[in-house]
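Given next are the chains, with one letter for each unit.
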Amino acid sequence: MTDTAKPALPDRLSGNPRSPFFVKECFDHQIGIRFKGKERTDVEEYCVSEGWIKVASPKAKDRYGNPMLIQLKGEVEAYYV
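All figures in this text were calculated on a predicted structure; none of them were measured in a lab.

Scoring rules and cut-offs
Within any chain, residue numbers begin from 1 and follow the written order of that chain's sequence. It should be noted that, the model being predicted, local features are given only for residues of pLDDT at least 70 and side-chain atom pairs only at 80 or more, the latter also being counted only at that level, while totals for whole chains, interfaces and linings use all residues. Only hydrogens and water are set aside when side-chain values are computed; all heavy atoms of the structure are taken into account. Pairing of aromatic side chains requires ring centres within 6.5 Å, counting the rings of Phe and Tyr and the six-membered ring of Trp. Pairs whose planes differ by under 30 degrees are stacked, by over 60 edge-to-face, and all others tilted. Burial status follows relative accessibility: with a 1.4 Å probe on protein chains alone, a residue under 20% of its type maximum counts as buried, one over 50% as exposed, and anything between as partly exposed. We call a charge positioned above a ring when the Lys NZ or Arg CZ atom is no farther than 6 Å from the ring centre and deviates by at most 35 degrees from the ring normal. Secondary structure elements are defined from DSSP: runs of H or I of at least 4 residues count as helices, runs of E of at least 2 residues count as strands, and each element is numbered from the N terminus. Contact criterion: two residues are considered in contact whenever any of their non-hydrogen atoms come within 4.5 Å of each other. We define a salt bridge as a contact between a side-chain nitrogen of Lys or Arg and a carboxyl oxygen of Asp or Glu at a distance within 4 Å.

Caption draft 1: Local environment of the packing of aromatic side chains. One pass over the structure, following the stated rule, counts one aromatic pair. Where Phe-22 meets Phe-27, the ring centres are 5.3 Å apart and the plane angle is 10°; that geometry is what we call stacked. For Phe-22, a relative accessible area of 27% translates into the label partly exposed. The residue whose ring lies beneath Arg-12 is Phe-21, and the NZ or CZ to ring-centre distance is 3.9 Å.

Printed below as a string of structure tokens:
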């Protein structure tokens, strides 16, 4: 796959392979997220049309030991780096 053949970024994308919004082809390239005008590197999931991102909580864990996700609302822009 060449740089010109990057797949279009979906409206909603998750980094968790078990999620229905996980698209492996998108992760073959580096993805950047701009949230409220600032670069974010800790985004686990995003939705451009609904205007939110999900980031891992620093301390809270779910019953399986995975970090709980916190949803933040604001302007989201996804792009390839």
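Caption draft 2: Local environment of the side chain of Ser-14. Mapped onto the elements, Ser-14 comes out in strand β1 (residues 12-14). Those residues in contact with Ser-14 that lie beyond four places of it in its chain are Ser-19, Phe-21, Phe-22, Phe-27, Glu-44 and Glu-45.

Caption draft 3: View of the pattern of salt bridges. Counted under the stated rule, the structure contains five salt bridges. Residues Lys-24 and Asp-28 are paired through a salt bridge, measuring 3.6 Å at the closest nitrogen-oxygen approach. By relative accessible area, which is 52% here, Lys-24 ends up exposed. Exposure remark for Asp-28: the relative accessible area of 47% places this residue in the partly exposed category.

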